[in-house]
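Commentary on secondary and tertiary structure
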Amino acid sequence: MKSNKRSSTPKAPGATPPAAVAPGQPWWPYFAGLAAALIVTFQIYSPALHGPFLFDDRYLPFFAPGWADAPLSNWLRGVRPLLMFTFWLNFRISPADTLLYHVLNVIFHLGNGVLIWLIVDRILEWAGVEAPRRRVLAIFSGALFLVHPIQTESVAYVASRSENLSVLLFNAALAAFVRRPAREAGLRTVAIVLVLFAAACVTKEHAAALPALLLLTDYFWNPGFSFDGIRRNWKVYAPIAAGAVLAGFWIFRILRVSSTAGFGMRNLTWSDYFFTQCRAIWVYLRLFLLPVGQNADHDFALSHGVLDHGALIGMLALVGVSLAAWLYRRQFPLASYGWFAFLILIAPTSSFIPIRDLLVERRLYLPFLGLLLIVCELLRRVDVARKGAIAALAAVTALYAFAAYQRNDVWSDPIAFWKDAAAGSPGKARPRFQLGYAYYGEGRCAEAAVEYERASKIEPPDYTLYVDWALASDCAQQPDVAIAKLKEAVKLERNAHAWATLGMVYAKQNRLDEALQALDAAQSADARFEPTYVYRGNIYLLRKEPARAAAEFQRALALKPDDMTARNGLDMAGRQPSQP
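Source: prediction; values computed, not measured. (Residues numbered from 1 in each chain as written. Predicted model: local features only at pLDDT ≥ 70, side-chain atom pairs only at ≥ 80, totals over all residues. Heavy atoms only, no water.)

Take the side chain of glutamate 530 next. With respect to the helices, strands and loops of the structure, glutamate 530 is situated in the loop between helix 23 (512–525) and helix 24 (531–542). At 4.6 Å, lysine 560 is the nearest oppositely charged side chain to glutamate 530, a buried residue that forms no salt bridge. Beyond its immediate sequence surroundings of up to four residues, glutamate 530 is in contact with Ala556, Leu559, Lys560 and Asp563. (Helix = DSSP H or I, 4+ residues; strand = E, 2+ residues; numbered from the N terminus. Buried < 20%, exposed > 50% of the residue type's maximum accessible area, 1.4 Å probe, protein only. Lys, Arg positive; Asp, Glu negative; His and termini not counted. Salt bridge = Lys/Arg side-chain N within 4 Å of Asp/Glu carboxyl O. Contact = heavy atoms within 4.5 Å.)

We now examine the confidence of the model for the chain. A residue-level look at the chain finds 94% of positions with pLDDT of 70 or above and a mean pLDDT of 91. The low-confidence segment residues 1–7 (pLDDT under 50) makes six contacts with residues lying over four places distant or belonging to another chain. Throughout residues 15–19 the model reports pLDDT below 50, and contacts reaching past four residues in sequence, or to other chains, amount to eight contacts. (pLDDT = per-residue confidence, 0-100.)

Quick look at empty space enclosed by the protein now. Under the criterion given, the structure shown has one cavity of 30 Å³ or more. Looking at the largest cavity, it is lined by 14 residues, and the ones nearest its centre are Phe55, Ala296, Asp357, Val360 and Arg430. Tallied by class, the residues present in the lining of the largest cavity amount to five nonpolar, one polar and eight charged. (1 Å grid on protein atoms, 1.4 Å probe; cavity = no way out; pocket = protein on both sides within 12 Å on 5 of 7 lines; lining within 4 Å. Points joined across faces, edges and corners; volume = space filled by probe spheres on them. Nonpolar A, V, L, I, M, F, W, Y, C, P; charged D, E, K, R; others polar.)

Attention shifts here to the state of the cysteines. Following the criterion strictly, the structure yields one disulfide and no others. Covalently, cysteine 445 is tied to cysteine 475 through a disulfide, its sulfur atoms 1.9 Å apart. In this structure, the disulfide formed by cysteine 445 and cysteine 475 twists by about 60° around the S-S bond and is classed as right-handed. Taken together, the residues cysteine 445 in helix 19 (residues 445–458) and cysteine 475 in helix 20 (residues 463–475) connect sequence positions 30 residues apart. The exposure class of cysteine 475 is partly exposed, given its relative accessible area of 35%. (Disulfide = S-S within 2.5 Å.)

The next point concerns the packing of helix 23 against helix 24. Running from amino to carboxyl end, helix 23 crosses helix 24 at an angle of 155°, the nearest separation of the two axes being 10 Å. Classified by the interaxial angle, the pair formed by helix 23 and helix 24 is roughly antiparallel. Every pair of crossing elements has a handedness; the one defined by helix 23 and helix 24 is left-handed. Residue-level contacts link Leu512, Ala515, Leu516, Leu519, Asp520, Ala522 and Gln523 of helix 23 to Thr532, Tyr533, Tyr535, Arg536, Ile539, Tyr540 and Leu542 of helix 24. (Axes fitted to C-alpha atoms, helices over the stretch in contact; angles between N-to-C directions. Parallel < 35°, antiparallel > 145°, perpendicular 65-115°, else oblique. Left-handed = near helix turned anticlockwise from the far one by under 90°.)

Shown next as structure tokens:
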């Protein structure tokens, strides 16, 4: 008689062949499934494929002046060389067209979905889940990873390639580890894991969490709640431990000088960040279950102490769930392993190391695997191989896919994107500022000025806001407002850009003496700011002083030889008769 009991003792690795397809089983269903996944994934992300560079995309190195002609060695010189190599390839093929940037991100995401299927399938096998249910749950896990709307930021956002490429390499290393043919990792497996791990770390630093996950995996499944597997796999852990010491010093040095993350940030201590993340983790969990209220720029309050904004409740809840997961690890091994895997994988971004942005949706991309295994623990107790259950899982997948498609539509247009962010974070100035910038880029200058004014009412304006507000006001035929904002800007920071822009606005109002005074101040602030000389040359053209105009345009070209405005001005100066 066939027993209906499920074993609570995990199987040892190597108990079954490592192949994804059983011997004698046809390959075509897997090719068909991969083709379907490819079509569905690209369809979901199709609205964003032609979307513009957004948010921090504009701060990617290839937007810097002169970067287009830089040798490959310059691209690889930073802390994430493998990531920059992929951007170099994109830039060489299509510098300004975002399509191929997005296509490559989607391909990496698809690869992650396949790896999630392989990893979950093996862990379910170790957990003693019967083959029919295991196949359904593994496919559902891979599909849910691909279509979940919370993944949108990690895929549709060009700069977030650091996320999905590093996770692709991370998952590949984990897949090689869990699908090894024997309990003890052979030299080939060790080499593959180490190479992929190193590649993941030089793509994004959060991949450093892999050794902890491998230790957890060996404890839970090799052979099951035992340290024997860890001892057997010393060949994996010994070189990782040696490298971890060097990597730790390297990462610590980066964190000490970084302006967006690390221990040198002003007004953000490690303790305040930790208390805040005790709350943020529960928001991530809610977004996993119910992806409503997504936002590219969450307005999330900082907890300045354990009693601030409910941080204590969040921390106690995390401790309580972790204690339960440990105590019931034998009864619910998938859920227990999934919970601890989730905590390990979210720890690099959501624990003690301060990061400027307190709540970011792409941080769920790496720890998503742990949450999938918790879901599998619940679903393994249902006969998911039945047609009705498969239909229900398909319906859930379709619902998330539709929500992801809708979310990608937001990422397709900068104005829609920042409108959505501003509506979701009404108390935050940055979305309003960025919405103003988006309006200005579309030539909707009056609307841009309105958004800049709204941003100024949320928090005190800085130099950049005043300058951009002035440019929008000048474009909207409000020169007096523009002049007033530029004067405020130079009070905050004596910057050549602000002074030169003030000179340009004065000149457009035929206030030429005031314009020249502002341009003198710009030159004093930074003699290498090339627009200063272009604006001054234009003023001399207005005054019918072509010799002085030509001298200014030549100074501009000496600083920037490809400046077509300066070249055209120099040509006009050569054809303009002098004032008698």
